Amino acid sequence: MKRKIKPYLVFCLGVFIGAFGMALITKANIGLTPIACLPFVFYLATPLTFGMTLCIMNMIFVLAQVAILGKDFEKFQYLQFFVAFLLGFFVDINMYILKMFNPEIYFLKIAALILGCVIMGLGISIQIKQNLLLLPGDGLVKAICDKISQEFGYIKIAVDSAVVILAFFASLALLGTIEGIREGTIILALLTGLCIKFFLQKFNMPAKNNN
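Read on for an overview of the structure. (Residues numbered from 1 in each chain as written. Predicted model: local features only at pLDDT ≥ 70, side-chain atom pairs only at ≥ 80, totals over all residues. Heavy atoms only, no water.)

1. Some thoughts on the packing of helix α5 (residues 106–130) against helix α8 (residues 183–202)
And step 1. The N-to-C vectors of α5 and α8 enclose an angle of 40°; their axes lie 8 Å apart at closest approach. Viewed along their axes, α5 and α8 adopt a mutual orientation that is oblique. Crossing angle aside, the handedness with which α5 passes α8 is right-handed. On α8, the residues touching Tyr 106, Ile 110, Leu 113, Cys 117, Val 118, Met 120, Gly 121, Leu 122, Ile 124, Ser 125 and Ile 128 of α5 are Glu 183, Gly 184, Ile 187, Leu 188, Leu 191, Thr 192, Cys 195, Ile 196, Phe 199 and Leu 200.
And step 2. By residue class, the composition of the contact of α5 with α8 is 16 nonpolar, four polar and one charged. (Axes fitted to C-alpha atoms, helices over the stretch in contact; angles between N-to-C directions. Helix = DSSP H or I, 4+ residues; strand = E, 2+ residues; numbered from the N terminus. Parallel < 35°, antiparallel > 145°, perpendicular 65-115°, else oblique. Left-handed = near helix turned anticlockwise from the far one by under 90°. Contact = heavy atoms within 4.5 Å. Nonpolar A, V, L, I, M, F, W, Y, C, P; charged D, E, K, R; others polar.)

2. Focus: the packing of helix α2 (residues 34–45) against helix α3 (residues 50–69)
In a packed pair of helices, the relevant descriptors are the angle between the two axes and the axis-to-axis distance.
And step 1. Packing of α2 against α3 leaves a shortest axis separation of 8 Å and a crossing angle of 130°. Taken together, the axes of α2 and α3 lie oblique to each other. The two elements α2 and α3 meet at a crossing, and its hand is right-handed. Across from Ile 35, Ala 36, Leu 38, Pro 39, Phe 40, Phe 42 and Tyr 43 in α2, the residues of α3 making contact are Phe 50, Thr 53, Leu 54, Met 57 and Phe 61.
And step 2. Within the contact of α2 with α3, the residues separate by chemical class into eleven nonpolar, one polar and no charged.

3. Description of the packing of aromatic side chains
And step 1. For the coordinates displayed, the defined rule picks out ten aromatic pairs.
And step 2. A centroid spacing of 5.6 Å and a plane angle of 40° characterise the contact between Tyr 43 and Phe 50, whose relative ring orientation is tilted.
And step 3. A relative accessible area of 1% places Phe 50 in the buried class.
And step 4. Residues Phe 89 and Phe 90 carry aromatic rings whose centres are separated by 5.9 Å and whose planes lie at 45° to one another, so their mutual orientation is tilted.
And step 5. These aromatic residues form a ring-pair network of at least three members: Phe 16, Phe 85, Phe 89 and Phe 90. (Phe/Tyr/Trp six-rings, centres within 6.5 Å; stacked < 30°, edge-to-face > 60°. Buried < 20%, exposed > 50% of the residue type's maximum accessible area, 1.4 Å probe, protein only.)

4. So, the nonpolar core
And step 1. Core analysis: the biggest nonpolar cluster contains 52 residues, and Phe 11, Phe 50 and Val 91 have the highest contact counts within it.
And step 2. Elements supplying a minimum of two residues to this core: α1 (2–28), α2, α3, α4 (80–97), α5, α6 (136–148), α7 (152–175) and α8.
And step 3. A per-element tally of this core places α1 first, with nine residues.
And step 4. Leaving out residues up to four positions away in the same chain, Phe 11 has contacts with Val 83, Gln 127, Gln 130, Leu 132, Leu 133 and Leu 135. (Core = buried A, V, L, I, M, F, W, Y, C linked by side-chain atoms within 4.5 Å.)

5. Section: the pattern of salt bridges
And step 1. Evaluated as defined, the whole model comprises four salt bridges.
And step 2. A salt bridge links Asp 146 to Lys 142; the shortest N-O distance between them is 3.0 Å. A residue pair is termed a helical-turn pair when its members lie 3 or 4 positions apart in one helix, as Asp 146 and Lys 142 do in helix α6 at four residues.
And step 3. One network of salt bridges, with partners in common, ties together Asp 138, Lys 156 and Asp 160. (Salt bridge = Lys/Arg side-chain N within 4 Å of Asp/Glu carboxyl O.)

6. Structural notes on the side chain of Thr 185
And step 1. Tracing the chain through its elements places Thr 185 in helix α8.
And step 2. For Thr 185, a relative accessible area of 6% translates into the label buried.
And step 3. Setting aside residues no more than four positions away along its own chain, Thr 185 makes contact with Ile 30, Gly 31, Leu 32, Pro 34, Cys 37 and Gly 180.

7. Considerations on unusual backbone geometry
And step 1. For Asn 29, which is not glycine, the phi dihedral falls at a positive 65°.
And step 2. Among the secondary structure elements, Asn 29 is positioned in the loop between α1 and α2.

8. Topic: the environment of Leu 9
And step 1. Structurally, Leu 9 can be placed in helix α1.
And step 2. The exposed category is assigned to Leu 9, whose relative accessible area is 55%.

9. Quick notes on a nonpolar patch on the surface
And step 1. The grouping of Tyr 8, Phe 76, Leu 79, Phe 82, Phe 85 and Phe 89 at the surface amounts to a nonpolar patch, some 570 Å² of accessible area in total.
And step 2. When residues of the nonpolar patch are assigned to their parent elements, the largest contribution, three residues, is made by α4.
And step 3. Mapped onto the elements of the fold, Phe 82 is located in helix α4. (Patch = residues over 30% accessible without salt bridge, like charges linked within 9 Å, V, L, I, M, F, W, Y side chains within 5 Å. Areas by Shrake-Rupley, 256 points an atom, 1.4 Å probe, with all protein chains shown as cover.)

None of this, on its own, says anything about what the molecule does.
The following block contains the structure:
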């Protein structure tokens, strides 16, 4: 029984670590990951917490997978709904933990962003190593790949770009300014995959093509 439960507990630990990294990136306030930009805009524009908007968007990603794959969607992957909830819950907890951390000096902002990226990469690699569930964002990319027979990397770039574009226009429409998309977004787009690859190699696990 312990052997069956342990991977799920470690997976949840990975989600918590990744959520802490995401919260630290958010507090740096110089841009978020491409996938997080859109929920961040709605977080600023509504009474919802950042974790809530992240949860909602990830649940939409799961529903999109179901719509794309239909009967081919594996029933076990419905647990992605739980992952979406868990990630949102943990992000809100970590945003509370870091509520007093508001770096003003640009150097500290960059340092917080990079540290957050490394921590988030560690958390994601822990989740991947358990080989249990797809993360909702990656699940959507994989569903599209399976449907149109394209390489993961190309579709990943397309999906990330689409989310950033939506965040750009949503931010202008709802806030009258551009929020969540800055130089940090580019840094994160370049570094996150490298961090995940590094930790997977440290775990003696080859990086998959979705990283």
